[in-house]
Amino acid sequence: MRLLSKYNIHSIEQPVKPIHIDCLVELCSEKIIPVALDEQLIGHYNENEKSKMLSSIKPAYIVLKPSLLGGFAECDEWIAIAHSLNIQWWVTSMLESNVGLKAIAEWTASHDNRMHQGLGTGSLFSNNIQSSLFVQDAHLTVDLNQKDVFSNIFTL
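Rules used in this analysis
Residues numbered from 1 in each chain as written. Predicted model: local features only at pLDDT ≥ 70, side-chain atom pairs only at ≥ 80, totals over all residues. Heavy atoms only, no water. Helix = DSSP H or I, 4+ residues; strand = E, 2+ residues; numbered from the N terminus. Contact = heavy atoms within 4.5 Å. Pairing = 2+ DSSP bridges. Axes fitted to C-alpha atoms, helices over the stretch in contact; angles between N-to-C directions. Buried < 20%, exposed > 50% of the residue type's maximum accessible area, 1.4 Å probe, protein only.

**Structural notes on the side chain of serine 93**
Then step 1. Note that serine 93 resides in the loop between β4 (88-91) and α6 (98-109).
Then step 2. What serine 93 contacts, discounting residues up to four positions off in sequence, is Leu101, Ile104, Gly118, Leu119 and Gly120.

Structural data, given as structure tokens:
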């Protein structure tokens, strides 16, 4: 990390396995390159456990993947804890279809977070449902002239 620090890297995402908590604590305290926890968050559903972990490791950032962390309510809890500890956050999507991506994008947009987010387009799927989402100039954008095939899924 010292060698990489000369490149003014924004952050490094989960540089060691989640089982190496002591190493994460040390890397975060040295602040050579800001650390973003990712895999470390998976499987923690108790609010006190989450708070204790973030308080002890003290990362600069957390990376929220709603599909892996238990959904939006769990991620909202991570955000509240992160805010209380002055830890920043961003959202990344996994391999969601366009339906999942649209939900994650809308949830992300509902939060006042001006950081860049890591939302994919779901374009890896050959049998994906059509969506109004697309990437333009590295931004996830909505084509207001195109209606989503799934826009009426929850309408009775």
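**Some details on the sheet that holds strand β3 (residues 61-64)**
Then step 1. Pairing in this open sheet of four strands is parallel, and the strands run β1-β2-β3-β4 from one edge to the other. Looking at the sheet topology across the chains shown, the edges are occupied by β1 (12-13) and β4.
Then step 2. Strand direction decides the pairing type here: strand β2 (residues 35-37) and β3, joined by two bridges, are parallel. Counted as the bridge partner of leucine 37 is isoleucine 62 from β3.
Then step 3. The strands touched by helix α5 (residues 72-84) are β3 and β4; relative to β3, the strand with the most contacts, the crossing angle is about 170°.

**Re the side chain of glutamate 74**
Then step 1. Examined against the element boundaries, glutamate 74 turns out to sit in helix α5.
Then step 2. The class of glutamate 74 is buried, set by a relative accessible area of 18%.
Then step 3. Setting aside residues up to four positions removed in sequence, glutamate 74 forms contacts with His44, Tyr45, Lys50 and Leu69.

**Considering unusual backbone geometry**
Then step 1. We note that glutamine 14 has phi near 40°; this positive angle belongs to a residue other than glycine.
Then step 2. Within the fold, glutamine 14 resides in the loop between β1 and α2 (21-30).
Then step 3. In this structure glutamine 14 comes out as buried when scored by relative accessible area, which is 8%.
Then step 4. A positive phi angle, close to 60°, is found at asparagine 86, a residue other than glycine.
Then step 5. Within the secondary structure layout, asparagine 86 lies in the loop between α5 and β4.

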